[in-house]
Amino acid sequence: MTVEVSYRTKLKQLKTREIKKEATNVLEGPDSEHTVLQRTTEDIQGGKPLNPELVQAVSAVASSLPLNKKQTESELLAQLRRHEETTDKQKKGGLLKIRNVISEMAVKRQSPAQRGVRISSRISLRVDEDDQRIKPERLSPQSFDYRRSLKVGRRLNIFTKASKETENALKTVSSPTIWDLEFAKEIAAVTAQPPRNGFEEMIQWTKEGILWEFPIDNEAGMEDDAEFHEHIFLEKHLKDFPKQGPIRHFMELVICGLSKNPYLSVKQKIEHIEWFQNYFEEKKELLQEI
Amino acid sequence: MEGAVCCWSRRLPGRPVLPSPCTRQVRSYYVDWRMLRDVKRRKLAYEYADERLRINAIRKNTILPKELQEVADKEIADLPRDSCPVRIRNRCVLTSRPRGVKRRWRLSRIVFRHFADHAQMSGVQRAMW
């Protein structure tokens, strides 16, 4: 306990010292040009946008140097920004990590109940039915931390997340090999346990198609998306036929019969008519002889 | 039944069984060769059903010229013989018996009686009135 407290105070002192250092550096900046040049590289910025005083200092430096003023100014500013970013990251990261780690740690205090359990477990000899000594059950780490769970608390950011690119690369499979298929089949065979009761048996049968689905749907398996007029008015399919003669008469009868047929789909009816079309076209020579 | 005796000498009529995850007992052979032939006839009849219907529609006509109908006659005769539905015989599913088969259960009278007496036919009871 004493160790913790001292460490915490140390950190606090460190931080205050750094803040003081910052303030002093900022104040001394615009006074001398050369010292500023040294200190701009050492300075640690508090906020994200560059301190206006530092910017002033940079412009002063640029003006003093004999080379291209604007270029030097821009370069200096860029360097400042980069430095600022890195120092920010380091500072925040380091402090945060240690802080978080320490904050999560707390002194372990045994409750009297637990103490009693421990003592009793040591003393007693738990004997099984087969007269074998049982070890006291090792609770899982989750259940043992009765005060806190795994997901509660601030993130420590000790581990970095796996990049998403590698995940995607792993997921892409070129093509399922025979071994993969066999493995999948094996898994399916192993996981397909025999039904424990009549309900599961019926479920299995329904999936296989042996049993119908209840309540019974009269149109199960029938996927007729066509309207009634497509079934009945089939004259438009008779365009290629001669308009007079016995063939036309015959085809009109065919269409009359098809329109009254509820069992065929529209596609099947069209196929029917097309078959007749082909047949009569093949027999055209014969028909012309007659 | 006599046919079954001479069948033992030859191999049983098999059927290619596709690998399926079915765990129940599956009958993988037909009872005898006659049943197999019947199965082939049914398959062919299903394949040629549409064509036969259409050619017959041309034949059984009073409107179309007779020459056309004669040509249609020849065409239908050219189709494979097993494609006509008349050659299908409703045999018993379990014993392949050609006679005494009840259509509703597709079983011969002997097998039907056997199962009914063992109470394995749902809703079938001995008649008594």
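- The name given to chain B in an unreviewed UniProt entry is Mitochondrial ribosomal protein S14, with Athene cunicularia as the source organism.
- Recorded under Sequence similarities (unreviewed entry), the UniProt text for chain B is reproduced unchanged: "Belongs to the universal ribosomal protein uS14 family."

- Chain A has the name Small ribosomal subunit protein mS31 in an unreviewed UniProt entry, where Athene cunicularia is given as its organism.
- We quote the UniProt Subcellular location (unreviewed entry) comment for chain A here in full: "Mitochondrion".
- In UniProt, chain A has this text filed under Sequence similarities (unreviewed entry): "Belongs to the mitochondrion-specific ribosomal protein mS31 family."

**Here's the deal with the packing of aromatic side chains**
Residue and element names in this part refer to chain A.
Here is step 1: Counted according to the given criterion, the structure contains eight aromatic pairs over all chains.
Here is step 2: Taking the centre distance of 5.2 Å and the plane angle of 10° together, the rings of Trp 275 and Tyr 279 count as stacked. With Trp 275 and Tyr 279 both in helix H12 (residues 266–282) and four residues apart, this pair spans about one turn of that helix. The residues Trp 275 and Tyr 279 share a single accessibility class, namely buried.
Here is step 3: An angle of 20° between the planes, with centres 6.3 Å apart, marks the rings of Phe 276 and Phe 280 as stacked. On the criterion of helical spacing, the pair formed by Phe 276 and Phe 280 is a turn pair, its members being four residues apart in helix H12.

**Topic: helix H3 (residues 52–64) of chain A**
All names here are of chain A.
Here is step 1: When the terminal C-alpha atoms of H3 are compared, their 18 Å separation across 13 residues agrees well with the 18 Å that a helix rising 1.5 Å per residue should span.
Here is step 2: The set of residues buried in H3 consists of Leu 54, Ala 57, Val 58, Val 61 and Ala 62. The buried residues of H3 occupy an angular sector of 135° when the element is viewed end-on, so they sit on one face. Projecting away from the buried face of H3 at angles above 90 degrees are the exposed residues Pro 52 and Gln 56.

**Re the packing of H12 of chain A against helix H2 (residues 33–59) of chain B**
Here is step 1: At a minimum axis separation of 11 Å, H12 of chain A and H2 of chain B run at an interaxial angle of 55°. As judged from the angle between their axes, H12 of chain A and H2 of chain B are oblique. Note that H12 of chain A runs across H2 of chain B; the crossing there is right-handed. Within the contact between the two elements, H12 of chain A uses Glu 271, His 272, Trp 275, Phe 276 and Tyr 279 of chain A and H2 of chain B uses Glu 51, Leu 53, Arg 54, Ile 55, Ala 57 and Ile 58 of chain B.

**Focus: the nonpolar core**
Here is step 1: Phe 250, Met 251, Ile 273, Phe 276 and Phe 280 of chain A together with Ile 58 of chain B are the most contacted members of the largest nonpolar core, which totals 22 residues.
Here is step 2: Those elements giving two or more residues to this core turn out to be helix H11 (246–259) and H12 of chain A together with H2 and helix H3 (66–78) of chain B.
Here is step 3: The element that contributes the greatest number of residues to this core is H11 of chain A, accounting for six residues.
Here is step 4: Residue contacts for Phe 250 of chain A: discarding those within four places in its chain leaves Phe 276 and Phe 280 of chain A together with Ala 57, Ile 58, Asn 61, Ile 63 and Leu 64 of chain B.
Here is step 5: If you look at the next biggest cluster of nonpolar residues, it comprises six residues, including Leu 54, Val 61, Leu 76 and Leu 77 of chain A.

**With respect to the confidence of the model for chain A**
Residue and element names in this part refer to chain A.
Here is step 1: When pLDDT is averaged along chain A, the result is 74; 63% of the residues meet or exceed 70.
Here is step 2: Within chain A, helix H2 (residues 33–42) has the poorest average pLDDT of any element, 45, and helix H9 (residues 198–208) the best, 93.
Here is step 3: Every residue in residues 29–47 is under pLDDT 50, and counting partners more than four places away or in other chains gives 26 contacts.
Here is step 4: Confidence drops under a pLDDT of 50 for residues 139–143, and excluding neighbours within four residues, the segment shows two contacts in the predicted structure.

Quick notes on the rules
Residues numbered from 1 in each chain as written. Chains lettered and ligands numbered in written order. Predicted model: local features only at pLDDT ≥ 70, side-chain atom pairs only at ≥ 80, totals over all residues. Heavy atoms only, no water. UniProt positions renumbered as here; feature names shortened; annotations may be inferred. Phe/Tyr/Trp six-rings, centres within 6.5 Å; stacked < 30°, edge-to-face > 60°. Helix = DSSP H or I, 4+ residues; strand = E, 2+ residues; numbered from the N terminus. Buried < 20%, exposed > 50% of the residue type's maximum accessible area, 1.4 Å probe, protein only. Expected span 1.5 Å × (residues − 1). Arc of directions from axis to C-beta. Axes fitted to C-alpha atoms, helices over the stretch in contact; angles between N-to-C directions. Parallel < 35°, antiparallel > 145°, perpendicular 65-115°, else oblique. Left-handed = near helix turned anticlockwise from the far one by under 90°. Contact = heavy atoms within 4.5 Å. Core = buried A, V, L, I, M, F, W, Y, C linked by side-chain atoms within 4.5 Å. pLDDT = per-residue confidence, 0-100.

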